[in-house]
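Survey of secondary and tertiary structure
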Amino acid sequence: MPSKQEQLGKLNEKMSKCSKCSLRKNCSRVVFGEGNPNAKIMFVGEAPGKKEDETGRPFVGAAGKFLNEMLAVIKLKREDVYIANVCKCRPPKNRDPLPEEIKLCWPWLEQQVKIINPKIIITLGRHSMERFISEEKISEAHGKLFVRKIKGLGERNFFTLYHPAAALYNGNIRQTLIQDFKKIPEVLEKIKKEK
Ligand code: URA
C-alpha cells in the first residue's frame, strides 16, 4: 500500500493536468494543498489568491500569515495540519468561486480527504462551509462542531470558522475568529472521547 505522501503525490500529478473548468486557463498554476499527510486536522479554505497563485502554496498571503499566528496560539505549526481549498485554481481578480467551479473541483478535495482521513475538517469561510454544511449560515454556525454524512466520504466531523481574510478588515470578526480558533483543542478532545 503506497504511503499517504505517495498517494497525495500521485493525486497532485493528476490535478496539475486538470482543465475541467475555465479557471485553469487564467491562473498560473494549480494550488494542490500542503501539510502533514497524517494530519488530524484539515483546513479547507476557498480558493488561491495572488500570492498562492504565484507560489503554488495555499494560504501564504496576508490571510495565511494570520492563520499561522492563530495556529501558534494553539501550539500548532503548519507542518502539523493539512491545508487545502475547495477550488484549486485562482479565480480572476480574486472573485468568489462559482458553484459550478466548486462542483467541478470537488473530486480533488474528496480524494484529498479520503487519503488524509483527518479527524476533523475545519472550514474557513462561507464557501468552504457550504460545500459540506449547506443549510447553515456562517454567522450562526461559526465556532460549532457538526457531524455530517458526506456522499463519498461517510460521516465526518466539521468545525466552522470565519475566513481569516474577513478578519483582516473587521475587528469584530477577528476577535470572534480568535475565540473560535482557541476552541479547536477542546473540540478535538471531545471527538476523541466520543469515539
Ligand atoms: N484564501 C483562501 O481561501 N485560500 C488560500 O489559499 C488563500 C487565501
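To start, this report covers the structure provided alongside it. Quick caveat: nothing in here was measured; it's all calculated off a predicted structure.

Some remarks on the overall build of the chain
When you go through the chain residue by residue, the secondary structure sums to 10 helices and 6 strands. Taking 16 Å as the expected radius of gyration for a compact globule of 195 residues, we find that the chain reaches 16 Å, a close match to that expectation. Sorting the 195 residues of the chain into buried and exposed places 48% on the buried side. If you take every contact in the chain between residues at least 6 apart in sequence, the share linking residues at least 24 apart comes to 71%. A total of about 10,200 Å² of accessible surface is found on the chain, and carbon and sulfur atoms cover 50% of it. Within the chain, the 23 negative side-chain charges are centred at a point lying 2 Å from the centre of the 38 positive side-chain charges.

Concerning the side chain of E46
Topologically, E46 is positioned in the loop between β2 (41–45) and α3 (50–55). Summary of buried charges: E46 has no salt-bridge partner, and the nearest side chain of opposite charge, R126, is 7.2 Å away. Each residue touching E46, except ones within four places of it in the same chain, is listed here: N85, V86, C87, D96, P97, L124, H127 and H163.

Digging into the site of the ligand
Surrounding the ligand, one finds G45, E46, A47, E52, P58, F59, N85 and H163. A47 has a polar backbone atom sitting 3.1 Å from a nitrogen atom of the ligand. In this structure, an oxygen atom belonging to the ligand sits 2.8 Å away from a side-chain N or O atom of H163. In terms of residue class, the shell around the ligand is made up of 3 nonpolar, 3 polar and 2 charged.

Describing the sheet that holds strand β5 (residues 145–150)
Spatial ordering of the open sheet is given by β1-β3-β2-β4-β6-β5, a layout of 6 strands whose pairing is mixed. Taken across any chain shown, the strands that pair with only one partner, and hence form the sheet edges, are β1 (34–35) and β5.

Calculation rules
- Residue indices follow the written sequence of each chain, beginning from 1 at its first position.
- Note on the predicted model: pLDDT of at least 70 is required for a residue's local features to be given, and 80 or more for side-chain atom pairs to be given and counted; whole-chain, interface and lining totals, by contrast, use all residues.
- Side-chain metrics rest on all non-hydrogen atoms present in the structure, leaving aside hydrogens and water.
- Numbering goes from the N terminus for both helices and strands, where a helix is a DSSP run of H or I of at least four residues and a strand is a run of E of at least two.
- Throughout, the radius of gyration refers to the C-alpha atoms, and the reference size of a globule is 2.2 Å times the residue count to the power 0.38.
- Relative accessibility under 20% of the residue-type maximum defines a buried residue, over 50% an exposed one, and the middle range a partly exposed one, all with a 1.4 Å probe and only protein chains included.
- Between two residues, a contact is recorded if the distance between any of their heavy atoms is within 4.5 Å.
- All accessible-area figures derive from a Shrake-Rupley calculation using a 1.4 Å probe, and residue coverage is judged against the displayed protein chains alone.
- All tallies of charge rest on Lys and Arg as positive and Asp and Glu as negative; His and the ends of each chain are not included.
- Note that the charge is assigned to NZ on lysines, CZ on arginines, CG on aspartates and CD on glutamates.
- Salt-bridge detection follows one rule: a side-chain nitrogen of Lys or Arg within 4 Å of a carboxyl oxygen of Asp or Glu.
- To be near a molecule or strand, a residue needs just one of its heavy atoms within 4 Å of it.
- Pairing of N or O atoms within 3.5 Å defines a polar contact, subject to two protein rules: one partner must be a possible hydrogen donor and the other a possible acceptor, and residues neighboring in sequence count only if both atoms are side-chain atoms.
- As a working rule, the residues Ala, Val, Leu, Ile, Met, Phe, Trp, Tyr, Cys and Pro are called nonpolar, Asp, Glu, Lys and Arg charged, and the rest polar, with Gly in that last group.
- Between any two strands, pairing holds if DSSP finds at least two bridges.

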